[in-house]
Amino acid sequence: MATRRATEVVVRALVFTCGWLAIVILAAIAIFLLTNGLRSIDEVGLGTMLTGTSWYPTSDNAQFGFLPLILGSVFVTGVALFVSVPVGIGAAVYLSEFAGRGFKEVAKSVVEFMAAVPSVVYGLIGVAVLIPWVRTTFQLDSGMTALTGGIVLGVMSIPTVLSISEDALHAVPESLRQGSMALGNTRWQTTYKVVVPAASSGIFAAVMLGLGRAIGETMAVLMLTGNAAVMPTSVFESVRTMTGTIAAEMGEVVRKGLHYSALFSVGLVLFAMTFVINLAADLVLERQRKRWRR
Amino acid sequence: MVNALNVEPRTTAMPTLVMTGRENDTVVAADASGSFTLSEVSVAYGRDLVIEGVDMYIAPRSVTALIGPSGCGKSTLLRCLNRMNDELGNVKVGGKIMLDGQDIMGKDSDPVELRMRVGQVFQRPNPFPMSIYDNVAYGPRTQGIRKRSELDDLVEDSLRRSALYEEVKKNLKKHAFELSGGQQQRLCIARALATMPEVLLMDEPASALDPISTQQIEDTIAELKASVTIVIVTHNMQQAARISDQTAFMLRESMDEPAHLIEMSETKKIFTNPDDKRTESYITGRFG
Amino acid sequence: MNRVKRARLTEQIAKTVLGLMAVTVLVIAAAVLIYIVSKGYRAINWEFLTTRPVKLGREGGIGPAIGGTVWLVSLTALFTLPVGILAGVYLSEYAARNLLTRSIRLAITNMAGVPSIVYGLFGLAAFVMLANFKVSVLSGALTLTCMTLPVVITATEEALRQVPQDLRHASLALGSTKWRTVRKVVLPASMPGIVTGSILGLARAAGETAPILFTAAVFMSPQLPRSPLDRVMALPYHIYAEVTSVPNWSEDLIWGTALVLVAGISIVSVAAGVWRSIQRRKIRW
């Protein structure tokens with residue numbers, strides 16, 4: 001009996017430790033990014049970095065301005081949302097409100113497949129198909145542009161936007177639909193007057209999570225956007241994103257050097273952005289769950 | 001807390017004998033005990049007092065039926081007897097509950113040990129997703145019994161006592177989910193019996209079953225009475241009248257006040273000549 | 001009457017437009033699949049799968065990259081499964097309903113949204129540098145573990161919640177402790193969900209490049225790692241490195257590599273899904 005009690009105590013301790021590990025890891029990520037980025041924050045200054053417009057990390061007079069990188073991410077993400085939001089939400093509404101069972105099942109597996117394809121493979125497809133297409137269609141010197149990366153990124157974030165929107169639509173109680181249809185509304189009227197508004201917070205969360213996914217995506221953009229670290233003015237130019245910068249440069253920096261530290265600061269900014277986005281999405285989702293629970 | 005009815009427990013002390021032995025493959029229950037004495041028992045869900053002032057004596061090797069309208073706290077009171085309320089969280093039990101003279105809610109009382117002595121059968125059949133054999137052997141294995149022959153004996157014995165053995169003896173390795181609902185419930189009874197409990201708590205054990213399966217369960221209860229104390233919650237008046245020796249009627253008269261034990265005596269008396277008007281109206285169907 | 005007709009017409013239009021969007025998604029996915037297969041199948045043969053790359057990968061096979069990915073994923077599974085399952089058990093069976101539990105849940109969903117390159121940075125700082133595991137399978141697997149944990153935890157918790165409360169009570173009522181109840185009844189009953197969810201998460205990990213970029217991957221290595229402290233080649237990194245740094249990379253071989261990666265992930269995922277539905281048919285509540 002004593003051993004039984006002891007086992008229970010040990011197990012409890014172990015289970016609790018594992019349970020709390022998520023918080024520990026998340027905190028550790030923030031702390032490691034911060035401590036490794038500290039040197040650049042010290043020597044260059046966070047304000048200078050965040051507002052600086054030139055990123056010349058390796059020149060004699062090195063400059064660590066994040067703005068070109070942040071804008072690069074914003075451009076690419078903007079294009080991505082332009083692709084993923086209408087298609088993702090539209091398809092979700094169709095699947096939830098109009099599609100038959102068979103079509104729905106097929107679509108579900110297809111979306112799962114899309115989500116499972118590694119980003120490096122999307123990058124490869126972009127290299128083979130989209131880069132030449134963008135170059136000839138828009139008559140550019142190079143097909144490596146924010147547009148190219150953004151389109152591929154948009155396709156990649158469709159599964160996120162679609163499946164979370166569909167969950168939100170699915171959570172709307174059937175009684176609401178029946179109530180509206182009983183008043184003589186068509187299915188479509190019911191959908192845009194009742195169902196979509198009722199699911200709006202969930203759909204908003206879906207867009208946020210799609211945004212988070214796109215901002216944090218690395219490999220495809222690295223392979224497709226050309227990585228010119230200049231202030232972008234249009235989506236037809238080559239850009240360099242925050243993620244692409246870290247991936248491309250970390251391999252060649254002096255460990256613990258200023259450039260190394262600056263890359264960690266880029267990571268910190270990236271982490272903070274996605275953290276806020278995810279938190280917002282999560283809180284919205286939580287509220288929605290509570291609303292339908294009763 | 002006010003004791004609404006001021007009922008004195010009829011007996012308080014009973015010999016304290018813990019029995020888990022068996023002889024020649026037949027269960028010996030001669031000196032087994034298994035009496036419950038409840039005094040001033042109250043239950044609260046959070047701040048909401050749902051049961052108050054229950055005094056009760058449950059004799060060893062008898063069948064006691066708990067009856068009353070739904071929501072009157074029968075099942076909650078039943079769960080006090082093996083401290084399953086502990087697992088629900090937010091439930092506070094007050095008063096004193098003695099099993100064979102031992103306080104089961106005291107500091108040095110261990111719910112895990114208590115539950116080996118007080119088994120429970122649930123409303124819906126809930127076999128574990130494993131074979132028939134493993135289901136029945138689950139309790140004994142929990143107690144540390146590992147020897148194959150011993151387990152074999154216990155499994156066979158328990159299945160016989162729950163009147164399932166003849167139907168399943170050919171294939172004890174069969175998955176429990178392949179049994180019918182009634183068979184599953186008798187398997188659950190066997191599972192509870194395998195730890196050699198002194199008391200068996202049954203929470204509407206036949207409510208999810210067809211009439212034939214119900215009949216089989218009732219027959220099983222009648223046989224088991226010789227070796228274990230049975231406390232059964234039922235909403236079926238005929239069932240209570242058929243199988244129990246004594247009956248306790250509980251009632252929650254309004255949602256603003258807790259439930260009380262209105263009356264408890266021999267089943268025959270409760271169903272023919274109850275002392276309390278409320279019991280009479282419930283029995284004759286006025287309460288539903 | 002006119003109003004009704006107009007409503008019907010609008011509905012028809014809306015339905016068509018939305019349906020087209022859904023079909024677009026299917027077409028894109030089909031195109032991706034067909035493209036990968038049609039460009040990649042020519043390279044696939046036994047030699048390609050087993051031999052090492054020659055001339056910077058312009059010729060030869062991808063044996064070490066396949067082996068390296070298997071190494072990484074196996075080690076990741078070894079770390080993730082016990083920790084993730086226990087964490088899921090904590091949330092479903094032990095956690096009280098309080099602020100701490102809420103924060104843990106929040107942390108888990110947030111972990112799932114942390115960019116993979118940030119995990120790469122964390123792995124570099126924590127495992128490669130601070131713990132001094134160097135650039136190695138171990139560092140890479142630990143990094144991938146942090147990434148995969150939320151998937152395993154969520155899958156476990158969801159699977160555990162499917163187990164009816166009655167079953168737990170039945171075990172407790174037989175005098176089992178909480179842990180025994182979890183170990184003997186709740187976990188076995190929810191294994192299909194846990195295993196399948198975990199496999200899906202691990203399959204994703206196999207396709208990740210950014211987290212192993214500076215923690216585990218090496219461009220060329222003639223053989224498999226001999227210890228967890230060696231660097232490895234990996235399929236996704238191989239594709240990236242060839243495309244971005246080898247002039248005149250072989251299209252056939254790289255598409256072949258992509259096909260191997262996608263097929264591996266898909267086959268494992270589909271198999272896990274099929275296995276789960278078979279198991280589910282056996283256990284029905």
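The structure under discussion appears in the preceding block.
Scoring rules and cut-offs
- Residue positions are given per chain, counted from 1 along the sequence in the order it is written.
- Each chain gets a letter, beginning with A, and each ligand a number, beginning with 1, in the order they are written.
- In keeping with the predicted nature of the model, local features appear solely for residues at pLDDT of at least 70, side-chain atom pairs appear and are counted solely at 80 or more, and the whole-chain, interface and lining totals rest on all residues.
- Side-chain metrics in this entry use all non-hydrogen atoms of the structure; hydrogen atoms and water are not considered.
- Going along the chain from the N terminus, every DSSP run of H or I of four or more residues is numbered as a helix, and every run of E of two or more is numbered as a strand.
- A 1.4 Å probe rolled over the protein chains alone gives each residue an accessible area, and that area as a share of the maximum for its type sets the label: buried under 20%, exposed over 50%, partly exposed in between.
- The contact definition used throughout considers only heavy atoms, calling two residues in contact when any of these lie within 4.5 Å.
- Helix span, as expected, comes to 1.5 Å for every residue beyond the first.
- Between the rings of Phe, Tyr and Trp (Trp by its six-membered ring), a pair exists once the centres lie within 6.5 Å; its type follows the angle of the planes, with under 30 degrees stacked, over 60 edge-to-face, and the other angles tilted.
- Think of it as a cone above the ring: NZ of Lys or CZ of Arg counts as a charge over the ring if it is within 6 Å of the ring centre and within 35 degrees of the ring normal.
- By nonpolar core is meant a set of buried Ala, Val, Leu, Ile, Met, Phe, Trp, Tyr and Cys residues that side-chain atoms within 4.5 Å join together.
- These domain boundaries are the output of an automatic or database domain assignment.
- Put plainly, a pocket is an open set of points on a 1 Å grid over the protein atoms alone with protein on both sides within 12 Å along at least five of seven lines, a cavity is a set where a 1.4 Å probe fits but cannot get out, and a lining residue has an atom within 4 Å of a point.
- Grid points are joined across faces, edges and corners, and a volume is the space filled by probe spheres set on the points.
- For this classification, the nonpolar set comprises Ala, Val, Leu, Ile, Met, Phe, Trp, Tyr, Cys and Pro, the charged set comprises Asp, Glu, Lys and Arg, and every other residue, Gly included, is treated as polar.
- Any two strands are treated as partners once DSSP identifies two or more bridges connecting them.
- Throughout, an axis means a line fitted to C-alpha atoms (over the contacting stretch in the case of helices), and angles, computed between N-to-C directions, take values from 0 to 180 degrees.
- Note on terminology: disulfide denotes any pair of cysteine sulfur atoms within 2.5 Å.

Enquirer: Would you mind going over the overall build of chain C in detail, with residue names and values included?
Expert: A count of helices and strands for chain C gives 11 helices and two strands. Tracing chain C from N to C terminus, the helices and strands come up as α-α-β-β-α-α-α-α-α-α-α-α-α. Once the C-alpha set of chain C is aligned to its principal axes, its extents read approximately 70 × 65 × 35 Å. Going through the 285 residues of chain C one by one, you find that 56% of them count as buried. Relative to all contacts within chain C whose residues are 6 or more apart in sequence, the contacts with residues 24 or more apart total 75%.

Enquirer: Please set out helix α4 (residues 99–113) of chain C residue by residue, giving values where relevant.
Expert: Given a rise of 1.5 Å per residue, 15 residues ought to cover 21 Å, and the 21 Å separating the end C-alpha atoms of α4 of chain C matches this to within 8%. Among all positions of α4 of chain C, only T101, I104, A107, I108, N110, M111 and G113 of chain C are buried.

Enquirer: Which residues make up the packing of aromatic side chains, and what values do they have?
Expert: Counting across every chain of the model gives 19 aromatic pairs over all chains. Here the aromatic rings of F16 of chain A and W20 of chain A are separated by 5.6 Å at their centres, their planes lie at 75 degrees, and the arrangement is edge-to-face. Remark: W20 of chain A and F16 of chain A occur in helix α1 (residues 2–43); sequence separation between them is four residues, near one turn of the helix. Judged by its relative accessible area of 35%, W20 of chain A falls in the partly exposed class. Here Y35 of chain C and W255 of chain C contribute two aromatic rings whose centre-to-centre distance is 5.2 Å and whose plane-to-plane angle is 80 degrees, an arrangement assigned as edge-to-face. One end of the pair, Y35 of chain C, is in helix α1 (residues 2–40); the other, W255 of chain C, is in helix α11 (residues 251–282), with 220 residues separating them in the sequence. Connected via pairs of aromatic rings, a cluster forms that spans F16 and W20 of chain A together with Y90 and Y94 of chain C. Above the face of the Y133 of chain B ring, K173 of chain B is positioned so that its terminal group lies 4.4 Å from the ring centre. Over the face of the ring belonging to Y94 of chain C we find K178 of chain C, whose NZ or CZ atom lies 5.1 Å from the ring centre.

Enquirer: Tell me what's going on with the nonpolar core, and back it up with residues and numbers.
Expert: Ranked by size, the top nonpolar core spans 185 residues in total, and within it W55, V121 and M250 of chain A together with I117 and I239 of chain C carry the most contacts. When residues of this core are assigned to their parent elements, the largest contribution, 14 residues, is made by helix α3 (residues 67–98) of chain A. Looking at which domains feed residues into this core, each of domain 1 (3–41) and domain 2 (44–282) of chain C supplies at least three. Core analysis: the next-biggest nonpolar cluster, separate from the first, contains 30 residues, I51, I58, C80 and V231 of chain B among them.

Enquirer: An account of the layout of surface pockets is requested, with residue identities and associated values reported.
Expert: Counted as a void, the second largest pocket has a volume near 470 Å³. A247, G251 and E252 of chain A together with L213 and Y237 of chain C are, among the 19 residues lining the second largest pocket, the residues nearest its centre. Among the elements of the structure, α11 (242–249) of chain A together with α10 (235–245) of chain C are those that each provide at least two residues to the lining of the second largest pocket. For the lining of the second largest pocket, the element with the highest residue contribution is α10 of chain C, accounting for five residues. Partitioned by chemical class, the residues of the lining of the second largest pocket number 13 nonpolar, three polar and three charged.

Enquirer: Let's hear about the sheet that holds strand β8 (residues 118–121) of chain B: which residues, and what values?
Expert: All names here are of chain B. The six strands are arranged β8-β9-β10-β5-β11-β12 in an open sheet whose pairing can be described as mixed. Both outer strands of the open sheet, β8 and β12 (260–266), are each paired with one neighbouring strand and no more. Direction aside, the axes of adjacent strands within the sheet are offset by 15 degrees on average. Sheet analysis places strand β5 (residues 63–67) next to strand β10 (residues 229–233), joined by four bridges and oriented parallel. When the sheet's bridge partners are listed, A65 is paired in β10 with I232. On the sheet, helix α6 (residues 181–193) packs against β8 and β9 (199–203) and is oriented at approximately 170 degrees with respect to β8.

Enquirer: Tell me about the state of the cysteines, and please be specific about residues and values.
Expert: Taken as a whole, this structure holds zero disulfides over all chains when the rule is applied. Cysteine C80 of chain B remains unbridged, with the sulfur of C72 of chain B as its closest cysteine sulfur at 13 Å. Free cysteine C146 of chain C: the closest other cysteine sulfur is in C18 of chain A, separated by 13 Å. Here C146 of chain C falls in the buried class, since its relative accessible area comes to 6%.

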